[in-house]
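Chain by chain, the residues:
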Amino acid sequence: MPDRKLEIQLLFNPEDQFEVEIQGDGHLVVRERDVHAVATERNDDGTGLYL
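Source: prediction; values computed, not measured.

**Some thoughts on the pairing of strand β2 (residues 17-22)**
For step 1, the next point in the chain: Where β2 lies against strand β3 (residues 25-30), six bridges are found, and the strand directions are antiparallel. Pairing of Glu-19 across the sheet is with Leu-28, part of β3.

Pasting the structure below:
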């Protein structure tokens, strides 16, 4: 599988996350229910914001 990098912005309470390390890379783990909003790149079909 080729390496892929997904870049999105999440709005969440920093107290509702924890950090893990997988193969030397740091990652944030957030439960779906703790995500308040998701933002992606703007495109022609919409704003790129999802609540």
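**Concerning the pattern of salt bridges**
For step 1, the next point in the chain: Across all of its chains, the model carries one salt bridge by this definition.
For step 2, the next point in the chain: Among the salt bridges present, the one from Asp-34 reaches Arg-31, with a minimum N-O distance of 3.0 Å.
For step 3, the next point in the chain: Since its relative accessible area comes to 47%, Arg-31 is described here as partly exposed.

**Description of the environment of Val-30**
For step 1, the next point in the chain: Within the element layout of this structure, Val-30 appears in strand β3.
For step 2, the next point in the chain: Taking relative accessible area as the criterion, Val-30 reaches 23% and is therefore assigned partly exposed.
For step 3, the next point in the chain: On a C-alpha basis, the gap between Val-30 and Phe-18 in space is 7.0 Å, while along the polypeptide they are 12 residues apart.
For step 4, the next point in the chain: Once residues within four sequence positions are removed from consideration, Val-30 is found in contact with Phe-12, Asp-16, Gln-17 and Val-35.

Parameters at a glance
- Starting from 1, residues in each chain are numbered consecutively following that chain's sequence as written.
- Restriction of local features to residues with pLDDT of at least 70 applies here, the model being predicted, together with a cutoff of 80 or more for giving and counting side-chain atom pairs; totals for whole chains, interfaces and linings are based on all residues.
- Side-chain descriptors were evaluated using all non-hydrogen atoms of the structure, hydrogens and water having been removed beforehand.
- One bridge is not enough; two strands pair if DSSP finds at least two bridges between them.
- Only runs of H or I of at least four residues qualify as helices and only runs of E of at least two qualify as strands under DSSP, and these elements are numbered from the N terminus.
- Salt bridge, as applied in this entry: a Lys or Arg side-chain nitrogen positioned within 4 Å of an Asp or Glu carboxyl oxygen.
- The classification of residues rests on relative accessible area computed with a 1.4 Å probe and restricted to protein chains. Under 20% of the type maximum is buried, over 50% is exposed, and intermediate values are partly exposed.
- Residue contacts are defined here by distance: any two heavy atoms, one from each residue, within 4.5 Å place the two residues in contact.

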